[in-house]
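Chains, contacts and geometry: an overview
Now for the letters of each chain:
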Amino acid sequence: MKRKKKGFFLVLVCFALGGCESPASDADPEAPQTEPVVTPDSRTAQVSFVQTADNSADVSFDVDAWTVEESKEQWRIAVIEQGSVSFAVRKAPDQSIALGGPAAAWVSRIPDGETADGSVAGGELVLFTVDTGPILDGGERNFTLTVTEPGKEPGTVEVNLEVEADLSQRVGVFFVQEDGRLLRISPENAETYANTYYTEDKASDFERTPGAGKWRMNFAEVDTLFEALIWVDQYAKSGTAERFQEYRIRVEKDEALIPTALTCGGRADYVCFTLWGYQEERTIIRDAFTANPQHTGISYKLVSGSSVSLIQVGFSDLKPIALRLGANITIDAEQEKYNAIPGTSGGWEHHIVHIYGRGILIMETGSTLTNHKGNAVWLLNDGDSVGLFEMKGGAITNCSETTVGLAREYTEVLGYTTKTFRFYSGSLVNNYNDNLIALSNQTSAMYLPWTYFAVNE
């Protein structure tokens, strides 16, 4: 990743006022008192900003924004889109540094003897790590370092850590670490966050075979939502039942998709695809082409037949695959454009999202499924092949209904929360079937009568 460096200043001084209380005396208590004289010698010793040994976040110090006013200093450090940022402060052996300020809860001090980003904390080197995952789209962390030294006046350093989004590509793909931190995937580090198939395909120079059912995609080619989804689908690492391996995809513009199946093809399981829109609502529509125009003649469909949903999550009895729709994501079926009965030529076929087998769909606040004469979400199950739809916010608008199947075993929460549909919050608005969720129990070849539940927050 290339970017302009503003410069580094590796020895930065934090001055502080000095002084001490006057000794007790027999002087007249009403006599005029003299203010202690502050001199440079009475201020605490210098502290300085230091990069960590690895500097994996590529931290830069903005010299132009650095200000010093006796006991108070201001630092501005900047990074390009990092989920975690580490930096160090060099101090004298008898100095202490305390953390405070508005964003102190997002900053962790590394215990002495432990390592962060290639440096070891202890003695004269204090290490800090800042969680910047929630502000990848751009934002600031402001906190204060208070420096004290015995017999001297304390000083402060106000730190402004600024995160800037990397918009060099039209979509950002992030790997979620076990501790929750996000790491940006790039062509340089893609192998680290991919399964072994990526290394094998790289050895063959990602040669593609039309009709083979698998895509071989160099991460350097990932520039759209479609390509990001397919790259993760082919090369994701497996998670566990206790912790799905999550890949977060930031949608930075309106996108069009061909029908896409998220199954990980048996290469990985317990994988979660998360989508969120950059800064404002990003709309996903169906691509009018049957194949991605950038890869003419190669259609990415893992499902058979001509009638498919826009997004299929999971397949058969494979282990769970999840799709999470986050803030600023709208999937629009454009019923005005495709004004036909679902399932017929000229219109959307079937559903917006089909939860298949052990697939999982999670809608969160800020997500929307809209404008479809068919079902927004279709979920049926048979026997042990049970999917799940969790509505934790968001909205379904201007659709026929949301249809899910009841599992044979279910638990009652809120009166209608089942093993396959769990409603926590959200809304259904202006849908054709009176804003209802339709539930039915499916056995091998028989559908029991539908039961409808109103869902409005």
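Residues numbered from 1 in each chain as written. Predicted model: local features only at pLDDT ≥ 70, side-chain atom pairs only at ≥ 80, totals over all residues. Heavy atoms only, no water.

**Digging into the layout of surface pockets**
- The calculated volume of the largest pocket comes to roughly 440 Å³.
- Lining the largest pocket are 21 residues, with Ser 56, Ala 57, Gln 82, Leu 183 and Asn 189 sitting closest to its centre.
- Elements that contribute at least two residues to the lining of the largest pocket include exactly strand S5 (84-90) and strand S14 (182-184).
- Element by element, the count of residues in the lining of the largest pocket is highest for S5, at three residues. (1 Å grid on protein atoms, 1.4 Å probe; cavity = no way out; pocket = protein on both sides within 12 Å on 5 of 7 lines; lining within 4 Å. Points joined across faces, edges and corners; volume = space filled by probe spheres on them. Helix = DSSP H or I, 4+ residues; strand = E, 2+ residues; numbered from the N terminus.)

**Thoughts on the nonpolar core**
- Judged by nonpolar contacts, the single largest core of 59 residues is most densely connected at Trp 231 and Phe 389.
- When residues of this core are assigned to their parent elements, the largest contribution, eight residues, is made by helix H2 (residues 225-235).
- Counting residues in each nonpolar core, the second largest holds 24 residues, with Val 47, Val 59, Val 130 and Val 157 among its members. (Core = buried A, V, L, I, M, F, W, Y, C linked by side-chain atoms within 4.5 Å. Buried < 20%, exposed > 50% of the residue type's maximum accessible area, 1.4 Å probe, protein only.)

**With respect to the packing of aromatic side chains**
- Inspection of every chain in the model, using the stated rule, returns 16 aromatic pairs.
- Ring centres of Tyr 198 and Trp 231 lie 5.5 Å apart, and the angle between their planes is 70 degrees; this geometry places the pair in the edge-to-face category. You can see Tyr 198 sitting in helix H1 (residues 196-203) and its partner Trp 231 sitting in helix H2, a full 33 residues away along the chain.
- Taking 5.4 Å as the distance between ring centres and 85 degrees as the angle between the ring planes, the aromatic pair formed by Phe 244 and Tyr 270 counts as edge-to-face. Residue Phe 244 is located in the loop between H2 and strand S15 (245-251), and its partner Tyr 270 is located in the loop between strand S17 (260-262) and strand S18 (271-277); the two are separated by 26 residues in the primary sequence.
- Judged by its relative accessible area of 23%, Phe 244 falls in the partly exposed class.
- What links up through ring pairs into an aromatic cluster is the set Phe 49, Phe 61, Trp 66, Trp 75, Phe 87, Phe 128 and Phe 143. (Phe/Tyr/Trp six-rings, centres within 6.5 Å; stacked < 30°, edge-to-face > 60°.)

**Points about the side chain of His 351**
- Turning to its location among the elements, His 351 is positioned in the loop between strand S22 (329-332) and strand S23 (353-355).
- Relative accessible area serves as the criterion here: at 8%, His 351 is assigned to the buried category.
- Beyond its immediate chain neighbours, meaning those up to four positions away, His 351 contacts Ser 309, Leu 310, His 372, Asn 375 and Trp 378. (Contact = heavy atoms within 4.5 Å.)

**Quick look at H1**
- The backbone nitrogen of Tyr 197 lies 3.0 Å from a side-chain oxygen of the residue at the head of H1, namely Asn 195.
- Looking at the residues trailing H1, positive phi occurs at Asp 205, about 60 degrees. (Polar contact = N/O pair within 3.5 Å; in protein donor to acceptor, adjacent residues only side chain to side chain.)

**Regarding the sheet that holds strand S7 (residues 107-109)**
- Overall, antiparallel pairing links the four strands, which are arranged S1-S5-S10-S7 in an open sheet. Strands with a single pairing partner mark the edges of an open sheet, and in this sheet they are strand S1 (48-50) and S7. Between one strand axis and the next, the sheet turns through 30 degrees on average, direction left out of account.
- Note: S1 against S5, three bridges, orientation antiparallel. (Pairing = 2+ DSSP bridges. Axes fitted to C-alpha atoms, helices over the stretch in contact; angles between N-to-C directions.)

**Points about the pairing of strand S21 (residues 321-325)**
- Burial runs high along S21: five of the five residues are buried.
- Here S21 shows a buried face lined by Ile 321, Leu 323 and Leu 325 and a second buried face lined by Ala 322 and Arg 324.
- Note: S18 against S21, five bridges, orientation parallel. Bridge pairing links Val 271 to Ile 321 in S21.
- Bridge count for S21 against strand S24 (residues 360-364) is four bridges, and the pairing is parallel. Within S24, the residue paired with Arg 324 across the bridge is Ile 362.

**Things to note about the environment of Gly 151**
- With respect to the helices, strands and loops of the structure, Gly 151 is situated in the loop between strand S11 (139-148) and strand S12 (155-164).
- As for Gly 151 and Arg 43, which are separated by 108 residues in sequence, their C-alpha atoms are 9.1 Å apart.

**Topic: the pattern of salt bridges**
- A complete count under the given rule lists 19 salt bridges for this structure.
- For Glu 81, the salt bridge goes to Arg 250, with nearest N and O atoms at 2.5 Å. Of this pair, Glu 81 sits in the loop between strand S4 (72-80) and S5 while Arg 250 sits in strand S15, and the two are 169 residues apart along the sequence. Note on accessibility: Glu 81 and Arg 250 belong to one class, buried.
- Among the charged side chains, a salt-bridge network with shared partners connects Glu 81, Asp 137, Asp 166, Arg 184, Arg 250 and Glu 252. (Salt bridge = Lys/Arg side-chain N within 4 Å of Asp/Glu carboxyl O.)

**Points about the confidence of the model for the chain**
- The pLDDT averaged across the chain works out to 78; a share of 70% of its residues lies at or above 70.
- Taken together, the stretch residues 341-347 has pLDDT below 50 and engages in 14 contacts with residues farther than four places along the chain or on a different chain.
- Low pLDDT, under 50, characterises residues 406-417; the stretch is placed with 30 contacts to residues that sit more than four places away or in other chains. (pLDDT = per-residue confidence, 0-100.)

**As for the side chain of Gln 234**
- As for its placement among the helices and strands, Gln 234 is situated in helix H2.
- A distance of 3.4 Å separates the side chain of Gln 234 from the side chain of Asp 233, its partner in a polar contact.

**Concerning the pairing of strand S25 (residues 367-379)**
- The buried fraction of S25 is high, at twelve of 13 residues.
- In the sheet, S22 pairs with S25 via four bridges, with the strands oriented parallel. When the sheet's bridge partners are listed, Asp 332 is paired in S25 with Thr 370.
- Bridge count between S23 and S25: three bridges; the pairing is parallel. Within S25, the position partnered with Ile 355 by the bridge is Leu 379.

**A closer look at the environment of Thr 148**
- In this structure, Thr 148 sits in strand S11.
- Residue classification places Thr 148 among the partly exposed residues on the basis of a relative accessible area of 33%.
- The spatial distance from the C-alpha of Thr 148 to the C-alpha of Ala 98 is 8.3 Å, given a sequence separation of 50 residues.
- Leaving out residues up to four positions away in the same chain, Thr 148 has contacts with Thr 44, Asp 94, Gln 95, Ser 96 and Pro 154.

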